[in-house]
Amino acid sequence: MPFSSVVILTGAGISAESGVDTFRDKGGIWSKVDLRDVATPQAFARDPERVHGFYNERRAGLKTVEPNVAHRALARLEQEFTGSVLVVTQNIDDLHERAGSTNLLHMHGELTKVFCTKCGTHREERGDLTTFDYCSHCGATGTLRPDIVWFGEMPYHMDEIQEALQRCDLFVAIGTSGSVYPAAGFVEEAQANGAHTAELNLEPTDHDNAFDDVRRGRATELVPAFVEELLGA
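Residues numbered from 1 in each chain as written. Predicted model: local features only at pLDDT ≥ 70, side-chain atom pairs only at ≥ 80, totals over all residues. Heavy atoms only, no water.

The criterion, for reference: UniProt positions are given in the numbering used here, feature names are shortened, and annotations may be inferred rather than shown by experiment.
Taking an unreviewed UniProt entry as the reference, the chain is identified by name as NAD-dependent protein deacylase belonging to Tianweitania aestuarii. In its Function (unreviewed entry) section, the UniProt entry covering the chain states "NAD-dependent lysine deacetylase and desuccinylase that specifically removes acetyl and succinyl groups on target proteins. Modulates the activities of several proteins which are inactive in their acylated form." What UniProt states about the chain under its Sequence similarities (unreviewed entry) heading is, verbatim, "Belongs to the sirtuin family. Class III subfamily."

**Brief notes about helix H5 (residues 69-80)**
Note the following rule: Secondary structure elements follow DSSP: runs of H or I no shorter than four residues count as helices, runs of E no shorter than two count as strands, and numbering proceeds from the N terminus. To estimate how far a helix should reach, multiply one less than its number of residues by 1.5 Å. Any residue under 20% of the maximum accessible area for its type is buried, any over 50% is exposed, and the rest in between are partly exposed; the area is computed with a 1.4 Å probe on protein chains only. What qualifies as a polar contact is a pair of N or O atoms within 3.5 Å, subject to a donor-acceptor requirement within protein and to the restriction that residues adjacent in sequence count only when both atoms come from side chains.
Taking 1.5 Å as the rise per residue, H5 with 12 residues should run 16 Å; its terminal C-alpha atoms sit 16 Å apart, in good agreement. Looking at H5, one finds that the buried residues are Ala70, His71, Ala73, Leu74, Ala75, Leu77 and Glu78. Put simply, Asn68 is the residue that caps the front of H5, since its side-chain oxygen is 2.8 Å from the backbone nitrogen of Ala70.

**Re empty space enclosed by the protein**
Definition in use: In the cavity and pocket records, a cavity denotes points on a 1 Å grid over the protein atoms alone where a 1.4 Å probe fits but cannot get out, a pocket denotes an open set with protein on both sides within 12 Å along at least 5 of 7 lines, and lining residues are residues with an atom within 4 Å of a point. Grid points are joined across faces, edges and corners, and a volume is the space filled by probe spheres set on the points. As a working rule, the residues Ala, Val, Leu, Ile, Met, Phe, Trp, Tyr, Cys and Pro are called nonpolar, Asp, Glu, Lys and Arg charged, and the rest polar, with Gly in that last group.
One pass over the structure, following the stated rule, counts two cavities of 30 Å³ or more. Its volume calculated, the largest cavity comes out at about 90 Å³. Lining the largest cavity we find Leu9, Phe171, Ala173, Thr176, Ser177, Gly178, Ala183, Ala184, Val187, Glu199, His207 and Phe211. The residue inventory of the lining of the largest cavity, partitioned by class, reads seven nonpolar, four polar and one charged. The space that makes up the second largest cavity amounts to roughly 30 Å³. Taken together, Ile8, Leu74, Leu77, Val172, Ile174, Val223, Phe226, Val227 and Leu230 form the lining of the second largest cavity. The set of elements that each furnish at least two residues to the lining of the second largest cavity consists of H5, strand S7 (170-174) and helix H9 (219-232). Element by element, the count of residues in the lining of the second largest cavity is highest for H9, at four residues. Looking at the lining of the second largest cavity residue by residue, the class counts come to nine nonpolar, no polar and no charged.

**Focus on the UniProt feature "binding site: substrate" (unreviewed entry) in the chain**
Spelled out, the test is: The criterion used for residue contact is that any of the two residues' heavy atoms lie within 4.5 Å.
Taking the UniProt record as the reference, the feature "binding site: substrate" (unreviewed entry) is found at Tyr55 and Arg58. Structurally, the position occupied by Tyr55 is in helix H4 (residues 48-61). Taking the relative accessible area as the measure of exposure, Tyr55 reaches 2% and is therefore buried. With sequence-adjacent residues up to four places away left out, Tyr55 is seen in contact with Val38, Ala39, Leu111, Pro146, Ile148 and Trp150. Position of Arg58 relative to the elements: it lies in helix H4. Arg58 sits in the buried class, given a relative accessible area of 15%.

In C-alpha cells form, the structure reads like this:
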C-alpha cells in the first residue's frame, strides 16, 4: 500500500541501543532516582542545584553516545520518501538530529536547550547549568532551567502533532511502551482518520491490539527493514 504522509513516534527503545539510559524500564533512571526530586516544577523551586546536577549528568552523557542505524534509517526515510515524514519523539536526547532528521518535534523537550522562567526565552546549551547562570536575553540570574517537560506540565507541539495525526495515512510507533498519555492515544487518533498503524517494539505493550501491524525485535533491526519496505513501495 503506498503512503503519502507518515507520522513516526519514537520512544526510549530507539535510543537505548545507542547506550542512552532509559527512564521507565526495569533498572531505568526512575528506579534509582525519585522523579519528584528532579523532574517537577516543585523540585526545581525547592532545590534547583540538585535538579541542575541531574540534568548536567544527562547532558554530559550525550557526548558518549552516537546515533544508531535506526536513527539513521529514519533520517534516510525523510530524505528519500516521496511524501511527508514527521518524527515525533518522546526522547530528550539529540540523536535524531545528529542522524540527519530535520522534520522533528520533541514533545518532552530537549536536553541541549534551556529556557528562562522569567522571560520565557529558549536557547541552546550543551554545557553545565548552575543557579549562578544568567539569561542572555533579560539578564536575570538563577532563572534558567532545563528545557524539559516535567511531570505535571503540558507536552510541547501538541497542536502540530494533532494536525499531523489528522492528515497522515501511516502512523508508526517505535520503541515506546505506549503507556503515557497523550502519546498513548496517538494510535487511536490516527486510526480515527483512516491511517494504517504499525508498532515496532522489543517487548509487548498494552496497546498491541490497537495496531494493524505489530513487529517484535530490536529497533536497529526492525527500523531499517521497515524503511526499506516503505521506500520500495
